[in-house]
Amino acid sequence: MTETPRGAGETGKGYLVTVLDRTTTRTAQQQPTEPVATAGAVRPIGVGLALAALATVVWSGSFVTSRALHDAVPPVQHAFWRWIIAIAAVAPFAARQTWRQRKLLRKHLKFLLLASLLGVTVYNTLVNQAGMTTTAGNMGMIMAASPVLMAVYERVGGTRLGARRVTGMLVACVGVLLLVSKGSLAMDFAVGDLWIIAAALSFGSYSALLKRKPAEIEGLPFLFSTFVLGALMLLPVFLASCAVQGGFEPTVGTVSPLLYVGVVSSAVAFFAWNKAISIIGAARAGVVYYLQPVCVALLSFAVLGEAMGWLQVLCMGLILGGVVLGAARTK
């Protein structure tokens, strides 16, 4: 009987275990995993679309509140208190991350200041100013042309635009001109329409600037810092408004809309929109944004009793058709 060398059994066992491990790993890697991913793919897409639709509807309500408060709250004070409420709503979720990235935020302070000026200080103040003299429906439809303005910025930046995109831009612009000129194409715009066109320019500039956002800055610190910086830049104008126009009476009719735009429209909508983009991507979420004029028109009709005639319907079709055509991805 031949004696097995000492340790040979242990070595053989170790070799056998190694072979079995490799075989198991190879077999596991060969197992098809795609059916599992496919089975759970439908629900996240639906959730993402629902979140994008939620943000779009909520943002549409901002135009209605701007119009509803035009007699009660001065536009600058409306914008200032909106962002103060938004800061208070976002702070519990974003303050710690913002503090961790404070050095990075200081490094990109110029970018943050410009983004805050365009997207927080200027844009929403102009929307509130427009609500003094134009309807919420007009504001929503004119703002729907802002993606066309973004395309113009892309062309200035060197991006080549195709014939389909240029055609869409022209169609949307015709819709805006018909709307603000009340169908005559005469250059006799209402003051509020001019304010909302300026707001669309500011929003388009802000959106174009977002493409240059440093990737290392996380979403919540960026959101929170722009809220704070935008409110600080608005503070001197707010104080001047209080001195000249006086404050407003805090009632249920004034505080409730401010809470809506501060908490729901500024905080909740941004959270929903960012989450939707992380699930379904910016391109698919952006298509949902084009529902905004329809939402604004329906909300203004239901809440404010604003009439919607054939001209508004025609202009809505032109603007939406031009924006969708201009935003379509070419092959």
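So, how was this worked out
Residues numbered from 1 in each chain as written. Predicted model: local features only at pLDDT ≥ 70, side-chain atom pairs only at ≥ 80, totals over all residues. Heavy atoms only, no water. Helix = DSSP H or I, 4+ residues; strand = E, 2+ residues; numbered from the N terminus. Contact = heavy atoms within 4.5 Å. Areas by Shrake-Rupley, 256 points an atom, 1.4 Å probe, with all protein chains shown as cover. Patch = residues over 30% accessible without salt bridge, like charges linked within 9 Å, V, L, I, M, F, W, Y side chains within 5 Å. Salt bridge = Lys/Arg side-chain N within 4 Å of Asp/Glu carboxyl O. Buried < 20%, exposed > 50% of the residue type's maximum accessible area, 1.4 Å probe, protein only. Expected span 1.5 Å × (residues − 1). pLDDT = per-residue confidence, 0-100. Core = buried A, V, L, I, M, F, W, Y, C linked by side-chain atoms within 4.5 Å. Axes fitted to C-alpha atoms, helices over the stretch in contact; angles between N-to-C directions. Left-handed = near helix turned anticlockwise from the far one by under 90°. Nonpolar A, V, L, I, M, F, W, Y, C, P; charged D, E, K, R; others polar. Polar contact = N/O pair within 3.5 Å; in protein donor to acceptor, adjacent residues only side chain to side chain.

A look at the overall build of the protein chain
Then, in step 1: Of the regular secondary structure elements, the protein chain holds 15 helices and zero strands.
Then, in step 2: Taking contacts inside the protein chain between residues at least 6 apart in sequence as the whole, the part at least 24 apart equals 88%.
Then, in step 3: Carbon and sulfur atoms provide 67% of the accessible area of the protein chain, an area that totals close to 18100 Å².

A few points about a nonpolar patch on the surface
Then, in step 1: On the surface, Leu54, Val255, Leu259, Val263 and Val268 cluster together into a nonpolar patch covering about 340 Å² of accessible area.
Then, in step 2: The element best represented in the nonpolar patch is helix α12 (residues 252-280), accounting for four residues.
Then, in step 3: Within the secondary structure, Val255 is located in helix α12.
Then, in step 4: A residue is classified by how much of its surface remains accessible, and Val255, at 32% relative accessible area, is partly exposed.

Points about helix α11 (residues 219-245)
One turn of an α-helix holds 3.6 residues; hence residues three or four places apart share an orientation.
Then, in step 1: The terminal C-alpha atoms of α11, which comprises 27 residues, lie 36 Å apart, in line with the 39 Å expected from a rise of 1.5 Å per residue.
Then, in step 2: A positive backbone phi angle near 80° is found at Gly246, which sits one or two residues after α11.

Description of the confidence of the model for the protein chain
Then, in step 1: For the protein chain, the average pLDDT comes to 76, and 71% of its residues sit at 70 or higher.
Then, in step 2: Mean pLDDT across the elements of the protein chain bottoms out in helix α2 (residues 34-39) (40) and peaks in helix α5 (residues 102-107) (94).
Then, in step 3: Confidence drops under a pLDDT of 50 for residues 1-13, and excluding neighbours within four residues, the segment shows zero contacts in the predicted structure.
Then, in step 4: In the model, residues 15-42 has pLDDT below 50 throughout and makes zero contacts with residues more than four positions away in sequence or in other chains.

Concerning the nonpolar core
One recurring pattern in soluble globular proteins: nonpolar side chains tend to sit buried together.
Then, in step 1: Counting residues in hydrophobic clusters, the biggest one holds 32 residues, and the most contacted among them are Phe63, Tyr123, Val127, Met139, Met143, Ile196 and Phe222.
Then, in step 2: The set of elements that each furnish at least two residues to this core consists of α3 (42-68), α5, α6 (109-130), α7 (136-143), α10 (191-210), α11, α14 (292-304) and α15 (310-327).
Then, in step 3: When residues of this core are assigned to their parent elements, the largest contribution, eight residues, is made by α6.
Then, in step 4: What Phe222 contacts, discounting residues up to four positions off in sequence, is Phe111, Leu112, Ala115, Tyr206, Leu210, Lys213 and Ile217.
Then, in step 5: Ranked by size, the runner-up nonpolar core spans 17 residues in total, among them Val90, Ala94, Leu223 and Ala231.

A short note on the environment of Ser62
Then, in step 1: Following the sequence through the fold, Ser62 ends up in helix α3.
Then, in step 2: We classify Ser62 as buried; its relative accessible area is 8%.
Then, in step 3: Taking the C-alpha atoms as reference, Ser62 lies 9.1 Å from Ala136; in sequence the two are 74 residues apart.
Then, in step 4: Dropping the residues within four chain positions of it, Ser62 is found in contact with Arg82, Tyr260, Val261 and Ser265.

Topic: the packing of α7 against α10
Then, in step 1: It is the contact of α7 with α10, at a shortest axis distance of 9 Å, that shows an interaxial angle of 35°. Like other packed secondary-structure pairs, α7 and α10 cross with a definite hand, here right-handed. Only Asp193, Ile196, Ile197, Ala199, Ala200 and Phe203 of α10 make contact with α7, whose side of the interface consists of Asn138, Met139, Ile142 and Met143.
Then, in step 2: Across the contact of α7 with α10, the residue classes tally to eight nonpolar, one polar and one charged.

Section: the side chain of Thr226
Then, in step 1: By the element assignment, Thr226 lies in helix α11.
Then, in step 2: Here the side chain of Thr226 touches Phe222 through a polar contact of 2.9 Å, landing on its backbone oxygen.
Then, in step 3: Setting aside anything within four residues of it in sequence, one finds Thr226 in contact with Leu112, Ala115, Ser116 and Val120.

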